[in-house]
Amino acid sequence: MTHVENELNSQPECWIRAAEQAAAHGAALPAAGERVAIVGCGTSFFMAQAVAALREQSGQGETDAFAASEFPDSRSYDRVVALTRSGTTTEVLELLGRLRGRTRTTAVTADPYTPVMESADDIVVLDFADEQSVVQTRFATTALTLLRAHLGLHCDAVVADARTALETPLPEGLVDCSQFTFLGRGWTVGLANEAGLKMREASLAWTEAYPAMEYRHGPISITTRGTATWMLGEAPEGLAEQVRETGGLWVAGGLDPLAELVRAQRLAVAVAAARGLDPDQPRHLTRSVILGRTAH
């Protein structure tokens, strides 16, 4: 079994621990009413998108999400939260350095022995969710679970759905598809983006991701026999029927959307295996992107 498989299979237990620890980390996480930005790179950026939408939807305050390299320095926030598994990513460390002394910062990381420990004002370490693999699975979803619990939006049913996602066979014919599109609404747009990234990283698959209502505005033109469209969360009325009329495979997201992401992670590993690829050795990727003078 690959590192990726071992780590994605451990997610229900990691989510339980993160939810249990949320209250203890409350002072380091955004308070209700704060104006907040959440930043990250790659997978962490997509988790930031999900958390930002969840926080705004729950009425806890204006919340933006940015790739760390695209943070608008002209904006003011009460707190900036950086998601960084490695704690070494150049763009995150440089941003935290620019914010020091003018904006309160929190870093959520997996490794307590990295530069980010000295770069942020507050630190949350989820070392039990750290990973050997380059391709992120459990750290990302565990960090999201921590923040979801902090917002009061986590429940035991989410963990139960994750176990179902790990135990239930993937839809027949899905692994053989030539193209995959993931759709989301609200906070699940970030999850759809992440599902697409997992497929590209682990299996070199042709994948796309969109807000569900945007799918009709062009992207549906590529849908045909041998393609799959996967909805994370509740689908817009009539969309499933439209996809089926094209001949494409429609995958309904019947579980909690975060558990649906676990199913997509499993699909990425399964497609990699079918194509003779090793998901622990993704092409052109490293565990952390470290550039220039920060790389020492």
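The following refers to the structure shown. (Residues numbered from 1 in each chain as written. Predicted model: local features only at pLDDT ≥ 70, side-chain atom pairs only at ≥ 80, totals over all residues. Heavy atoms only, no water.)

1. Some points on the sheet that holds strand 2 (residues 63-67)
Read from one edge to the other, the open sheet built from five strands follows the order 2-1-3-4-5, with strand pairing classed as parallel. Each edge of the open sheet carries a strand with a single partner, namely strand 2 and strand 5 (122-125). Averaged over all pairs of adjacent strands, the angle between their axes in this sheet comes to 20 degrees, without regard to strand direction. The pairing of strand 3 (residues 79-84) with strand 4 (residues 104-109) spans six bridges and is classified as parallel. Counted as the bridge partner of Val-81 is Thr-106 from strand 4. Sheet contacts for helix 3 (residues 43-57): strand 1 (36-40), strand 2 and strand 3; angle to strand 2, the most-contacted strand, approximately 170 degrees. Across the sheet, helix 4 (residues 90-99) lies against strand 1, strand 3 and strand 4, angled at about 160 degrees from strand 3, the strand it touches most. (Pairing = 2+ DSSP bridges. Helix = DSSP H or I, 4+ residues; strand = E, 2+ residues; numbered from the N terminus. Axes fitted to C-alpha atoms, helices over the stretch in contact; angles between N-to-C directions. Contact = heavy atoms within 4.5 Å.)

2. What about helix 4?
When we look at burial in helix 4, the residues that qualify are Thr-90, Val-92, Leu-93, Leu-95, Leu-96 and Leu-99. Contact partners of the buried residues in helix 4: strand 1, strand 3, strand 4 and helix 5 (116-119). Just past helix 4, the residue Gly-101 takes up positive phi, approximately 90 degrees. (Buried < 20%, exposed > 50% of the residue type's maximum accessible area, 1.4 Å probe, protein only.)

3. Section: the sheet that holds strand 8 (residues 227-231)
If you walk across this open sheet you meet the four strands as 7-6-8-9, and the pairing is parallel. Each of the sheet's edge strands pairs with one partner strand only, and the pair in question is strand 7 (206-211) and strand 9 (249-251). The average undirected angle you get between the axes of adjacent strands in this sheet is 20 degrees. With three bridges joining them, strand 8 and strand 9 adopt parallel strand pairing. Bridge pairing in strand 9 places Thr-229 opposite Trp-250. Where helix 8 (residues 188-203) meets the sheet, it contacts strand 6 (179-184) and strand 7, and its direction lies at approximately 160 degrees from that of strand 6. Sitting on the sheet, helix 9 (residues 239-246) touches strand 6, strand 8 and strand 9, and the angle it makes with strand 9 is about 155 degrees.

4. Regarding the packing of aromatic side chains
Overall, the coordinates contain four aromatic pairs when judged by the stated rule. Ring plane angle 80 degrees and centroid distance 5.7 Å describe the contact between Phe-66 and Phe-71, whose orientation is recorded as edge-to-face. Accessibility expressed as a relative area gives 13% for Phe-66, which makes it buried. Residue Phe-71 is classed as buried on the basis of its relative accessible area, which comes to 6%. By the ring-pair criterion, three or more aromatic residues cluster together here, those being Phe-66, Phe-71 and Tyr-77. Here Arg-35 stacks its cationic end above the ring of Tyr-77, 4.6 Å away from the centre of that ring. (Phe/Tyr/Trp six-rings, centres within 6.5 Å; stacked < 30°, edge-to-face > 60°. Lys NZ or Arg CZ within 6 Å of the ring centre and 35° of its normal.)

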